[in-house]
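Structural overview
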Amino acid sequence: MPDPAGRRLATRAAHAGVRGPMPDFIPTVVPIHPSVSYMYEDISDLDGVIAGAREGYVYARYGNPTVHALEEAVAALEDGEAAQAFSSGMAAIHAALLAVGARAGSAIVAAQDVYGGTYALLDQVLRTQGVSVRFLDASDLQAVKVACGELSPVAVLVETVSNPLLKVADLPALADAAHNSGAVLIVDNTFATPYLVRPLALGADVVVHSGTKYLGGHGDVLAGVVVTSAELQADLHEVLKVTGANLGPQEAWLVLRGLRTLTLRVRRQCENGLSIARWLVDHPKVARVMYPGLPSHPQHELAGALFGERGYGGMISFELAGAGQEGVFRFFGALRLCLPATTLGDVCTLVLYPAHSSHRAVSSGERARIGIGDGLVRMSVGIEAVEDLVDDLAQALSVV
Ligand SMILES: Cc1ncc(COP(=O)(O)O)c(C=O)c1O
């Protein structure tokens, strides 16, 4: 059909079909909006959005409708007022720390066995920028109180269930300790997920997630989310606008898709996790099993009070008796179903060697001090039939 306005081919190629049909239908699933910029029938509306006088979108680094849908969903799941999505869990943690006031002269108190990337961010980036950081065993409440009293930190940072030692944080008590010294409590809820516990309801001020893990749930997207008050989210938004660690709309859509089955997946992962942890305890080649659902876990009672009626999570850590890196690698090499992969929270069961991946950035002396031994294996249990997982573990353990 000839162009009614008589436009030339180059013009038609640049404009034809780009904005699609004017919809008189409502999609049942949020669309992926790739557009970088947004326009309005009336230019004064664009001016109003830029000025913050009305809601809307202007430019993708400032906000995107698909990403916003994810932010609303995660805020709803975490019982938070608002959320801000980021390109990765690390970007989310970094922005959360900046937004609560981490800058030269300030202090942060953090659990010593946080994820290795978080440890490195605090130890190698923020420390060199003049932030004083104290790492401690966050299950020692007295130590947390003393550190808060001495340092008056801007934030106390813990993981609900720590990576990889699976220590459980006493969130209400930690919130009290932080608040008594004027600090905010930031909780990385990646391992627990809002299915097990919602830290904001227990006194935390900020929840961070690596959306790459259980929220996305399928190992195919990198994402991060911070959930907090509307006031602090506005500060996070300012940080994001100038640092640019934005989540893309395709990625946001994948995480949103994952969220729809979060409760089904995590419930199954908890069931499988408990069965496998109980099986590992009795295995002669396994020296120690860390799983909050086992009575031998040091915070088993606390875990029961915080989330036990829903389960104890899909993460298990265990030590191969007398094994070092070579023995662990032989075990990994023998696995046929469980995948040796450096992530977690996937529908597939994954194993990881913390000493060479998640905690590689932590010195071997420091790893030994905090209890990450050379025979330690971290396992993220998937949704497979648990009998098949046990068969695979049994045949691989037989070669160690
Ligand atoms: C508990 C925890 N928090 C944060 C992160 C960082 O997330 P991302 O890899 O999405 O940056 C990870 C990554 O493994 C993690 O395990």
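Okay, so let's go over this structure. For clarity, every value in this text was computed on a predicted model and none was experimentally measured.

1. Some words on the site of the ligand
The environment of the ligand is formed by 16 residues, the closest being G89, M90, D188, S210 and T212. Contact distances for the ligand include 2.9 Å between an oxygen atom and a backbone N or O atom of G89. About the coverage of the ligand: the protein hides 92% of its 390 Å² of free accessible area. A class-by-class count of the residues in the shell around the ligand yields 7 nonpolar, 6 polar and 3 charged.

2. Some thoughts on the sheet that holds strand β11 (residues 350-352)
With mixed pairing, the 5 strands of this open sheet are ordered in space as β8-β9-β12-β11-β10. Two strands bound the open sheet, and with one partner strand each, they are β8 (286-290) and β10 (339-340). Bridge analysis of β10 against β11 gives 2 bridges, and the strand direction is parallel. The residue bridging L339 from the neighbouring strand is L350, located in β11. Relative to the sheet, helix α11 (residues 262-281) contacts β8, β9 (315-320) and β12 (376-380), its axis offset from that of β9 by approximately 15 degrees. Sitting on the sheet, helix α13 (residues 325-334) is in contact with β9, β10, β11 and β12, with an inclination near 125 degrees to β9.

3. Observations regarding the packing of aromatic side chains
Taken as a whole and assessed by the stated rule, the structure comprises 7 aromatic pairs. Ring centres 5.7 Å apart and planes at 50 degrees place the aromatic pair Y38 and Y57 in the tilted group. Pair noted here: Y38 is in the loop between α1 (9-15) and α2 (43-51) and Y57 is in the loop between α2 and α3 (65-77), with a separation of 19 residues, a long-range link. What makes Y38 buried here is its relative accessible area of 17%. Relative to Y312, the ring of F307 has its centre 6.3 Å away and its plane inclined at 70 degrees; by these criteria the two rings are edge-to-face. In terms of burial, F307 and Y312 fall into one category: buried. In textbook terms, an aromatic cluster arises when at least three aromatic residues are bridged by ring pairs, as seen for F318, F331 and F332. Over the face of the ring belonging to Y62 we find K241, whose NZ or CZ atom lies 5.0 Å from the ring centre.

4. Quick word on the pattern of salt bridges
All told, the structure shown has 10 salt bridges when counted by the stated rule. Residues R54 and D45 are paired through a salt bridge, measuring 3.2 Å at the closest nitrogen-oxygen approach. Its relative accessible area of 26% is what places D45 among the partly exposed residues. For R127, the salt bridge is made with D123, and the minimal N-O distance between the two is 2.6 Å.

5. Here's the deal with helix α12 (residues 300-308)
For α12, the full list of buried residues reads A303, L306, F307 and G308. All buried residues of α12 lie within an arc of 150 degrees about the axis, which places them on one face of the element. Exposed side chains of α12 directed beyond 90 degrees from the buried face belong to E301 and A305. Where α12 is buried, its residues touch α7 (171-180) and α8 (193-196).

6. A word on the nonpolar core
Counting residues in each nonpolar core, the largest one holds 117 residues, and the members touching the most others are V158, I276, I316, F318 and F331. Two domains share this core, each providing at least three of its residues, namely domain 1 (64-259) and domain 2 (262-397). Ignoring sequence-local partners within four residues, the contact set of F318 consists of L280, V286, R288, V289, F331, G375, L376, V377 and M379.

About the criteria used
- Residues numbered from 1 in each chain as written.
- Predicted model: local features only at pLDDT ≥ 70, side-chain atom pairs only at ≥ 80, totals over all residues.
- Heavy atoms only, no water.
- Near = heavy atom within 4 Å.
- Polar contact = N/O pair within 3.5 Å; in protein donor to acceptor, adjacent residues only side chain to side chain.
- Areas by Shrake-Rupley, 256 points an atom, 1.4 Å probe, with all protein chains shown as cover.
- Nonpolar A, V, L, I, M, F, W, Y, C, P; charged D, E, K, R; others polar.
- Pairing = 2+ DSSP bridges.
- Helix = DSSP H or I, 4+ residues; strand = E, 2+ residues; numbered from the N terminus.
- Contact = heavy atoms within 4.5 Å.
- Axes fitted to C-alpha atoms, helices over the stretch in contact; angles between N-to-C directions.
- Phe/Tyr/Trp six-rings, centres within 6.5 Å; stacked < 30°, edge-to-face > 60°.
- Buried < 20%, exposed > 50% of the residue type's maximum accessible area, 1.4 Å probe, protein only.
- Lys NZ or Arg CZ within 6 Å of the ring centre and 35° of its normal.
- Salt bridge = Lys/Arg side-chain N within 4 Å of Asp/Glu carboxyl O.
- Arc of directions from axis to C-beta.
- Core = buried A, V, L, I, M, F, W, Y, C linked by side-chain atoms within 4.5 Å.
- Domains from an automatic or database assignment.

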